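The residues making up each chain are set out below.
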Amino acid sequence: MKKFQVQPGFVAQAFRFALDPNVVQEQALRSHCGAARVAYNWAVGWVEAAWWQRRAEESYGIVETDLTPWRSWSLPTLRNAFNEAKHTDQRFAAWWQENSKEAYNTGLANAAAAFDNYARSKQGKRKGRALGMPRFKSKRKARLSCRFTTGAIRVETDGLHVTLPRLGTIRVHEPLANSSAACRRGPPAFCRPPSATSGAAGSSPSRPR
């Protein structure tokens, strides 16, 4: 996936803050974060299914040219495959429409990055400890997280609310006087308001009210 680059003459600014959702909004946030986790697990299973199938076929003596083809873990490939599966896969066929496409894209992008890191580590091209194959994320232990990169994302002029795709306008835990003013000043600042508590591109619900 192509990395974001700041255009000449612009300055990228990021703001970190906590959301203060009501009960309904918190449920929606948790649903989005859960959707990201489910999409991640689907991607890991989809890619690795071909790996295990090839290993089984090799044990039967099937020659390389006749083995099940590898499945690419590039983000575009995962998106296309997921868009086909989401209508029939029982894990999310009944509820995927309740969340923004950004939620599912978060999980798919994280899976693509995890496979990239694994491949680079195995090839000796990644610094640090050796990484194993990506693992499924536990519903109980996985960190609630979701990114929004497109759609209606803004800090409202009152400095007390932010608007996110599908989630609507959500109150923030503390006034956003500094970030709101920075975004209103315009150039040379390039302001993409954060969609969540974990930075300009992350989202997770704050503590329950």
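Residues numbered from 1 in each chain as written. Predicted model: local features only at pLDDT ≥ 70, side-chain atom pairs only at ≥ 80, totals over all residues. Heavy atoms only, no water.

A few words on the packing of helix α1 (residues 23-59) against helix α3 (residues 101-122). Look at α1 against α3: their axes get within 7 Å of each other, and the N-to-C directions meet at 40°. Considering their axes alone, α1 and α3 lie oblique with respect to each other. Every pair of crossing elements has a handedness; the one defined by α1 and α3 is right-handed. Contacts from His-32, Ala-35, Ala-36, Ala-39, Tyr-40, Trp-42, Ala-43, Val-44, Val-47, Glu-48 and Trp-51 of α1 reach α3 at Ala-103, Tyr-104, Thr-106, Gly-107, Leu-108, Asn-110, Ala-111, Ala-114, Phe-115 and Tyr-118. (Axes fitted to C-alpha atoms, helices over the stretch in contact; angles between N-to-C directions. Helix = DSSP H or I, 4+ residues; strand = E, 2+ residues; numbered from the N terminus. Parallel < 35°, antiparallel > 145°, perpendicular 65-115°, else oblique. Left-handed = near helix turned anticlockwise from the far one by under 90°. Contact = heavy atoms within 4.5 Å.)

What follows is about the packing of α1 against helix α2 (residues 75-85). Taken N-terminus to C-terminus, the directions of α1 and α2 make an angle of 105°; their axes are 11 Å apart at the nearest point. In terms of orientation, α1 lies roughly perpendicular with respect to α2. On α2, the residues that touch Ala-39, Trp-42, Ala-43, Trp-46 and Val-47 of α1 are Thr-77, Leu-78, Ala-81, Phe-82 and Ala-85. Residues that form the contact of α1 with α2 fall into these classes: 9 nonpolar, 1 polar and no charged. (Nonpolar A, V, L, I, M, F, W, Y, C, P; charged D, E, K, R; others polar.)

To continue, consider a nonpolar patch on the surface. Judged by side-chain polarity, Tyr-60, Ile-62 and Val-63 come together as a nonpolar surface patch covering roughly 320 Å² of accessible area. Among the secondary structure elements, Tyr-60 is positioned in the loop between α1 and α2. For Tyr-60, a relative accessible area of 66% corresponds to the exposed category. (Patch = residues over 30% accessible without salt bridge, like charges linked within 9 Å, V, L, I, M, F, W, Y side chains within 5 Å. Areas by Shrake-Rupley, 256 points an atom, 1.4 Å probe, with all protein chains shown as cover. Salt bridge = Lys/Arg side-chain N within 4 Å of Asp/Glu carboxyl O. Buried < 20%, exposed > 50% of the residue type's maximum accessible area, 1.4 Å probe, protein only.)

Time to look at the packing of aromatic side chains. For the coordinates displayed, the defined rule picks out 9 aromatic pairs. Between Trp-42 and Trp-46, the aromatic rings sit 5.7 Å apart at their centres with planes inclined by 15°, giving stacked as the arrangement. Of this pair, Trp-42 and Trp-46 both sit in helix α1, 4 residues apart, which is roughly one turn of that helix. The class of Trp-42 is buried, set by a relative accessible area of 4%. Chaining the aromatic ring pairs together yields one cluster made of Trp-42, Trp-46, Phe-82, Phe-92 and Tyr-104. Directly above the aromatic system of Trp-96 lies the positively charged group of Lys-86, at a separation of 4.0 Å from the ring centroid. Here Lys-137 stacks its cationic end above the ring of Tyr-40, 4.4 Å away from the centre of that ring. (Phe/Tyr/Trp six-rings, centres within 6.5 Å; stacked < 30°, edge-to-face > 60°. Lys NZ or Arg CZ within 6 Å of the ring centre and 35° of its normal.)

On to the environment of Ile-170. Here Ile-170 lies in strand β4 (residues 168-171). Of the residues examined, Ile-170 reaches a relative accessible area of 0% and is grouped as buried. Taking C-alpha positions, Ile-170 is 8.1 Å from Asn-22, a pair spaced 148 residues apart along the chain. In this view, Ile-170 contacts Leu-19, Asp-20, Pro-21, Gln-25, Leu-160, His-161, Val-162 and Leu-164; residues no more than four positions away in its chain are not counted.

Oppositely charged side chains may form a pair once their charged atoms are brought near each other. A full pass over the atoms with the stated rule returns 4 salt bridges. Here Arg-30 makes a salt bridge to Glu-26, at a shortest N to O gap of 3.1 Å. With Arg-30 and Glu-26 both in helix α1 and 4 residues apart, the pair spans about one turn of that helix. The exposure class of Arg-30 is partly exposed, given its relative accessible area of 37%. Measuring nitrogen to oxygen at the nearest pair gives 2.8 Å for the salt bridge that ties Asp-89 to Arg-91.

Before going further, it helps to examine the layout of surface pockets. Counted as a void, the second largest pocket has a volume near 320 Å³. Lining the second largest pocket are 13 residues, with Trp-51, Arg-55, Trp-70, Tyr-118 and Lys-122 positioned closest to its centre. Counting only elements with at least two residues in the lining of the second largest pocket, the list comes to α1 and α3. At 5 residues, α1 tops the list of elements feeding residues into the lining of the second largest pocket. Classifying every residue of the lining of the second largest pocket by side-chain character gives 7 nonpolar, 1 polar and 5 charged. (1 Å grid on protein atoms, 1.4 Å probe; cavity = no way out; pocket = protein on both sides within 12 Å on 5 of 7 lines; lining within 4 Å. Points joined across faces, edges and corners; volume = space filled by probe spheres on them.)

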